[in-house]
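# Examining the three-dimensional arrangement
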Amino acid sequence: MRIGIMSTAVQNPEAGLDAVVAEAKRAEADGFHTLWAPHIMGFDAMTALAIAGRETSRIELGTAVVPTFPRHPHAMAQQALTVAAAAGGRFTLGIGLSHKIVIEDMLGLSYEKPARHMGEYLDVLATLLRGEDVNHQGELYRVTAPLQVPGASAVSVIVAALGPRMLQLAGSVGDGTITWMTGPRTVEDHIIPRLGKAAGEAAKPTPRVVCGLPILVAQDPGTAREAISKALSMYGMLPSYRAMLDREGVAGPGDVALCGDESFVESELDRLRDIGVTDFNAAIIPVEPGGFERTYALLEARAGTDS
């Protein structure tokens, strides 16, 4: 299982692009396999990773995740291929639907027919990311525009998928999934089987499973879990994440966090590896003094031994 780390600089309102580059260079020097950049209301994640890609040489750079509704799939492909060229082919595009509250209430766009939207979107996007000509005549998109991005290789696309239809698309059209706020029982019993079945039926390679979870090596795990639940409380209220927490049988975000002493966190990472997670995306939530440093050190050591 490859060990990646969620960027904190990309969405930090007090950090600049130099901090993003420094974070990527540190993660690369410390042996992490991937730096994942969220795309919320801060820097454009792909632009930030393109800059970081020019300053690094080995580490994979990925988005976790870019919402699809605000960007035409041709524009998304064009930018992704440009980032791949800037990063020497070390870019993975993670995309997702986002949420109705963001797309409709904040951006003023329609969130109608999200699964159909993603089906057509992926048909256009994946074709262009493979370097092929697209001719898509659908209900939502009609695209025949070509793309030629010098220096770009094919870009892998992974889809934030939790429901059955989205998992089917992630496995059959995309290259896998990237999850958030989804506990190990749900990943094992729900995510991986549906994803693998879809990929198998489409005669595609074993899909990538990127599991993103809060993590903290804590001296007081109980208090830390309560603090994590409070810090990430909005994720417990968004319908798609709430459904995954309910499926896991837990109350809030702190309950799916990998939070405990070093031995506990190591055992939870082993559990994720053993159920078939290919990549762990560590979102360190430093709610305890010294917690970030302890957690980072454990993950750094783990990245040096996992593959």
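Residues numbered from 1 in each chain as written. Predicted model: local features only at pLDDT ≥ 70, side-chain atom pairs only at ≥ 80, totals over all residues. Heavy atoms only, no water.

## Description of the overall build of the chain
Check the secondary structure of the chain and you find 11 helices and 12 strands. By the compact-globule yardstick of 19 Å for 307 residues, the chain fits well, its C-alpha radius of gyration being 19 Å. Just so you have it, the chain exposes about 13000 Å², and 53% of that area is on carbon and sulfur atoms. (Helix = DSSP H or I, 4+ residues; strand = E, 2+ residues; numbered from the N terminus. Rg over C-alpha atoms; globule rule 2.2 N^0.38 Å. Areas by Shrake-Rupley, 256 points an atom, 1.4 Å probe, with all protein chains shown as cover.)

## Focus: the packing of aromatic side chains
Under the definition given, this model contains six aromatic pairs. Each ring, one from Phe292 and one from Tyr296, has its centre 5.9 Å from the other, and the planes form 25 degrees; the classification is stacked. Here the residue Phe292 and the residue Tyr296 both occupy positions in helix α11 (residues 291-305), the gap between them amounting to four residues, near one helical turn. On the basis of relative accessible area, Phe292 is assigned to the partly exposed category, the value being 23%. An aromatic cluster of three or more residues is present, and its members are Phe32, Phe292 and Tyr296. Residue placement shows Arg26 over the ring face of Tyr296; its charged tip is 4.0 Å from the ring centre. (Phe/Tyr/Trp six-rings, centres within 6.5 Å; stacked < 30°, edge-to-face > 60°. Buried < 20%, exposed > 50% of the residue type's maximum accessible area, 1.4 Å probe, protein only. Lys NZ or Arg CZ within 6 Å of the ring centre and 35° of its normal.)

## Some words on the pattern of salt bridges
Counting across every chain of the model gives 19 salt bridges. Between Arg273 and Asp270 there is a salt bridge, with the nearest N and O atoms lying 3.3 Å from each other. Remark: Asp270 and Arg273 occur in helix α10 (residues 262-275); sequence separation between them is three residues, near one turn of the helix. Residue classification places Arg273 among the partly exposed residues on the basis of a relative accessible area of 36%. On the basis of relative accessible area, Asp270 is assigned to the partly exposed category, the value being 26%. Arg302 serves as the salt-bridge partner of Asp270, at 2.5 Å between the closest nitrogen and oxygen. Taken together, the residues span a long stretch of sequence, with Asp270 in helix α10 and Arg302 in helix α11 at a distance of 32 residues. (Salt bridge = Lys/Arg side-chain N within 4 Å of Asp/Glu carboxyl O.)

## What about the nonpolar core?
Ranked by internal contacts, the top residues of the largest apolar core, which has 103 residues, are Leu93, Ile95 and Phe280. Setting aside residues up to four positions removed in sequence, Phe280 forms contacts with Met1, Arg2, Ile3, Gly4, Cys211, Leu213, Ile215, Leu258, Leu269, Leu272 and Leu299. (Core = buried A, V, L, I, M, F, W, Y, C linked by side-chain atoms within 4.5 Å. Contact = heavy atoms within 4.5 Å.)

## Some thoughts on the packing of helix α3 (residues 73-86) against helix α5 (residues 114-129)
Following both chains from N to C, one finds α3 and α5 inclined at 30 degrees, their axes separated by 9 Å at the closest point. What the angle tells us is that α3 and α5 run roughly parallel. The two elements α3 and α5 cross, and the hand of that crossing is right-handed. Contact with α3, carried on its side by Pro73, His74, Met76, Ala77, Ala80 and Leu81, involves Tyr121, Val124, Leu125, Leu128 and Leu129 of α5 and no other residues of that element. Each residue belonging to the contact of α3 with α5 can be placed in one class, and the counts come to 10 nonpolar, one polar and no charged. (Axes fitted to C-alpha atoms, helices over the stretch in contact; angles between N-to-C directions. Parallel < 35°, antiparallel > 145°, perpendicular 65-115°, else oblique. Left-handed = near helix turned anticlockwise from the far one by under 90°. Nonpolar A, V, L, I, M, F, W, Y, C, P; charged D, E, K, R; others polar.)

## Regarding the environment of Phe280
Along the chain, the position of Phe280 falls in strand β12 (residues 279-284). In this structure the C-alpha to C-alpha distance between Phe280 and Ala303, which are 23 residues apart in sequence, comes to 10 Å.

## Observations concerning the side chain of Glu23
Note that Glu23 resides in helix α1 (residues 17-29). Salt bridges are absent for the buried Glu23, whose nearest opposite-charge side chain, Arg26, sits at 7.9 Å. (Lys, Arg positive; Asp, Glu negative; His and termini not counted.)

## A few points about the pairing of strand β2 (residues 34-37)
A two-sided burial pattern is seen for β2, the buried positions comprising Thr34 and Trp36 on one face and Leu35 and Ala37 on the other. Bridge count between strand β1 (residues 2-6) and β2: three bridges; the pairing is parallel. Residue pairing in the sheet places Gly4 in a bridge with Thr34 of β2. For the handedness criterion, the β-α-β arrangement of β1, α1 and β2 is classed as right-handed. As paired elements, β2 and strand β3 (residues 60-63) share four bridges and run parallel to each other. Bridging across to β3, Ala37 finds its partner in Thr63. Read from β2 through helix α2 (residues 45-54) to β3, the crossover connection turns out right-handed. (Pairing = 2+ DSSP bridges. Right-handed = clockwise from strand over helix to strand, strands pointing away.)

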